[in-house]
2 protein chains.
Amino acid sequence: MEEATGQEPRSSLAIAPEARQSLRGHVHQQLRMAIISGRLPSGQRLNERLLAEEMEISTTPLKEALRQLEAEGLVEVLPRRGVVVRFDASFAEEMILARAALESPIAALAAERVDDDGRARLGATVQLMREATEAADIARLILLNETFHGAIHAASGSRHLTRMVAQQQFYDGSARRVIHRDAGESRLAFEEHKGIAEAIIAGQPQEASARMSAHVLRSGRLYLTAVFGR
Amino acid sequence: MEEATGQEPRSSLAIAPEARQSLRGHVHQQLRMAIISGRLPSGQRLNERLLAEEMEISTTPLKEALRQLEAEGLVEVLPRRGVVVRFDASFAEEMILARAALESPIAALAAERVDDDGRARLGATVQLMREATEAADIARLILLNETFHGAIHAASGSRHLTRMVAQQQFYDGSARRVIHRDAGESRLAFEEHKGIAEAIIAGQPQEASARMSAHVLRSGRLYLTAVFGR
DNA sequence: CCCTGAAACTTGATATATCAGATTTCAAAA
DNA sequence: TTTTGAAATCTGATATATCAAGTTTCAGGG
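From a predicted model like this one, the values you see are computed outputs, not experimental measurements.

### A closer look at the side chain of B:Ser104
Residues and elements named next belong to chain B.
Part 1 of the argument: Tracing the backbone through its elements, the reader meets Ser-104 in helix H4 (residues 89-113).
Part 2 of the argument: Its relative accessible area of 11% is what places Ser-104 among the buried residues.
Part 3 of the argument: The residues touching Ser-104, leaving out its near neighbours within four places in the chain, are Ser-209, Met-212 and Ser-213.

Quick look at the structure:
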């Protein structure tokens, strides 16, 4: 069922406008990583001027970045008093719950809406994951993991849920590598991914949703201990 | 089990710092309402200077408010091109799914963590809801509805999930009044609320979670048709 | 008549200046 | 020694100015 939108097929040469990161985008990302990596510890007060000076920018983009972090819940703003970092294990735990909660309906929607193209992508990704798992190719597995979840997000056709779930990541590449280093974990994760994909391809929303939730909760808890220990 | 924090009990005279709304807080709230009420239609481009001028403020607090809206997904920022309103029925539908998804673990946590005080509050609120439902006291029902969900949020001890769910509201007081005007709906909603409260008080996370999800999905769809028709 | 491209204009992105609330300091009074 | 409160200071909140990317306009060449 081809769509005749009259739209020019996006040239592969075109630079997506969202790729050209703005200063505030950089700042937001930097601060976010500094917070979730613990470099800016919870409770830390952020002085707008000092911080802007250190980052060698003006306060305007910094303020904008801080407002984004505020909306994500990573910092708290005390009116007329300042910005305070708010991120600890219990917050991360809630992020896992939120991610699991949000990925569930996404998986269900994907199972309802997936088309042949999406099915093909998912199947192919699972096959590549199988190979990478057997080869214990960690870097590739990390990449494929994103491809996998990205394919599901795309198939779900959801915009808002997808954006929200993207905000629930509290670990970076190094934590991922630690997790994926464990072959047992990789095999388990692969079985889960396979089960999720099968449910979506078979058009079983309930099954897909349940499996996705279980997968995110289980692996999330693993990251939690990896990042916070205990 | 009294806590000896050494903290002065907050005087009832004290003005909570978060009550003193900042300019950007006002602006954010104003814009949010304008968007969800449809006064600023989806696709509408927002010119920062014009808008700031109309609102008789400078662009700085406006920009901050726009960043918050961006993080909530209500506007999209096209770098170097402008801010565009992004809110339609399908987005609202996703907000319902998100709200249902997020309220579920909150209800489960509440069932796990609720203490005697929380149980008492919930029970009392349900009793008041029963009375207000019988009396068809719409204004009171709307208020009690917030008390009810607020009590559950408090009992859950969650911070992040609670804040996220608060961002998933896409209707205002007038839509609520329309919904609550229907006596049948009120009775149904009451039964649902009662069932949720009972599950939480009985300490049944699964049951609480499932009932909460069903309730939010059902009533959410009602709001959807009320706001968007169809 | 259509294509090209440079100038004019629009507008978001960034920087800087100013204002005002909150905290701290410290000396004087109790 | 403790308390008080006013001045000094810090710092977020707001306003304004400047910069640069993107769009539009339109004259000139094909």
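Having seen the model, we can carry on.
### Let's talk about the protein's contact with DNA strand C
Part 1 of the argument: Around DNA strand C there are 22 residues in total, and A:Leu23, A:Thr60, A:Arg81, B:Arg49 and B:Lys63 lie nearest to it.
Part 2 of the argument: A breakdown of the atoms of DNA strand C within 4 Å of the protein gives sugar and phosphate a share of 67%.
Part 3 of the argument: Interatomic distance of 2.6 Å between a side-chain N/O atom of A:Arg81 and a phosphate oxygen of DNA strand C.
Part 4 of the argument: Where the surface near DNA strand C is concerned, the elements lending two or more residues are helix H1 (23-36) and helix H3 (59-72) of chain A together with helix H2 (48-54) and helix H3 (59-72) of chain B.
Part 5 of the argument: The biggest single contributor to the surface near DNA strand C is H3(A), with 3 residues.
Part 6 of the argument: For the surface near DNA strand C, the class distribution of residues is 5 nonpolar, 6 polar and 11 charged.

### Digging into the interface of chain B and chain A
Part 1 of the argument: With 34 residues of chain B at the contact, the number on the chain A side is 34 residues.
Part 2 of the argument: Carbon and sulfur atoms make up 59% of the surface buried where chain B meets chain A, a total of about 2900 Å² over both sides.
Part 3 of the argument: Among the residues of chain B in contact with chain A, B:Glu94, B:Arg159 and B:His160 are the three that bury the most area, contributing 21% of the side total.
Part 4 of the argument: With a shortest N-O distance of 2.7 Å, A:Glu64 and B:Arg67 are connected by a salt bridge.
Part 5 of the argument: For the interface between chain B and chain A, the tally reads 14 residue pairs in polar contact (both at pLDDT 80 or more).
Part 6 of the argument: When contributions to the side of chain B that touches chain A are tallied by element, the ones reaching two or more residues are H3, H4 and helix H7 (160-166) of chain B.
Part 7 of the argument: Among the elements that make up the side of chain B that touches chain A, the one with the highest residue count is H4(B) (9 residues).

### Notes on the nonpolar core
Part 1 of the argument: Counting residues in hydrophobic clusters, the biggest one holds 60 residues, and the most contacted among them are A:Ile152, A:Ile200, B:Ile152 and B:Ile200.
Part 2 of the argument: Excluding residues that lie within four positions of it along the chain, B:Ile152 makes contacts with B:Ile106, B:Ala107, B:Ala110, B:Leu122, B:Ile196, B:Ile200 and B:Met212.

### Topic: the relation of the copies chain B and chain A
What relates the two chain copies is a rotation about an axis together with a slide along it.
Part 1 of the argument: Rotating chain B by 180 degrees and translating it 0.0 Å along the rotation axis places it on chain A, where the RMSD comes to 0.1 Å. In symmetry terms, the pair is related by a two-fold rotation axis.
Part 2 of the argument: Most of the interface of chain B is mirrored in chain A, where 100% of its interface residues again form contacts.

### Focus: the pairing of strand E3 (residues 82-85) of chain B
All names here are of chain B.
Part 1 of the argument: Sheet topology places strand E1 (residues 45-46) next to E3; 2 bridges connect them, and they run antiparallel. Paired with Leu-46 across the strands is Val-83, a residue of E3.
Part 2 of the argument: Bridge analysis of strand E2 (residues 75-78) against E3 gives 4 bridges, and the strand direction is antiparallel. If you follow Leu-78 over to E3, its bridge partner there is Gly-82.

### Focus on helix H6 (residues 138-156) of chain A
Note: α-helices contain 3.6 residues per turn, so residues at a spacing of three or four share the same orientation.
Part 1 of the argument: Over its 19 residues, H6(A) extends 27 Å from the first C-alpha to the last, a length consistent with the 27 Å expected when each residue adds 1.5 Å.
Part 2 of the argument: Trailing H6(A) by a residue or two, A:Gly157 shows a phi angle of about 65 degrees, which is positive.

### A word on the environment of B:Gln167
Part 1 of the argument: As for its position among the elements, B:Gln167 is in the loop between H7 and helix H8 (173-181).
Part 2 of the argument: Judged by relative accessible area, B:Gln167 falls into the buried class, the value being 17%.
Part 3 of the argument: Separated by 101 residues in the primary sequence, B:Gln167 and B:Leu66 have C-alpha atoms spaced 15 Å apart.
Part 4 of the argument: In this structure, B:Gln167 is in contact with A:Ala71, B:Arg32, B:Glu72 and B:Met95, ignoring residues within four places of it in sequence.
Part 5 of the argument: A polar atom in the side chain of B:Gln167 sits 3.3 Å from the backbone oxygen of A:Ala71.

Scoring rules and cut-offs
- Residues numbered from 1 in each chain as written.
- Chains lettered and ligands numbered in written order.
- Predicted model: local features only at pLDDT ≥ 70, side-chain atom pairs only at ≥ 80, totals over all residues.
- Heavy atoms only, no water.
- Helix = DSSP H or I, 4+ residues; strand = E, 2+ residues; numbered from the N terminus.
- Buried < 20%, exposed > 50% of the residue type's maximum accessible area, 1.4 Å probe, protein only.
- Contact = heavy atoms within 4.5 Å.
- Near = heavy atom within 4 Å.
- Polar contact = N/O pair within 3.5 Å; in protein donor to acceptor, adjacent residues only side chain to side chain.
- Nonpolar A, V, L, I, M, F, W, Y, C, P; charged D, E, K, R; others polar.
- Buried area = accessible area lost by both parts, 1.4 Å probe.
- Salt bridge = Lys/Arg side-chain N within 4 Å of Asp/Glu carboxyl O.
- Core = buried A, V, L, I, M, F, W, Y, C linked by side-chain atoms within 4.5 Å.
- Least-squares fit on C-alpha atoms with pLDDT ≥ 70 in both.
- Pairing = 2+ DSSP bridges.
- Expected span 1.5 Å × (residues − 1).

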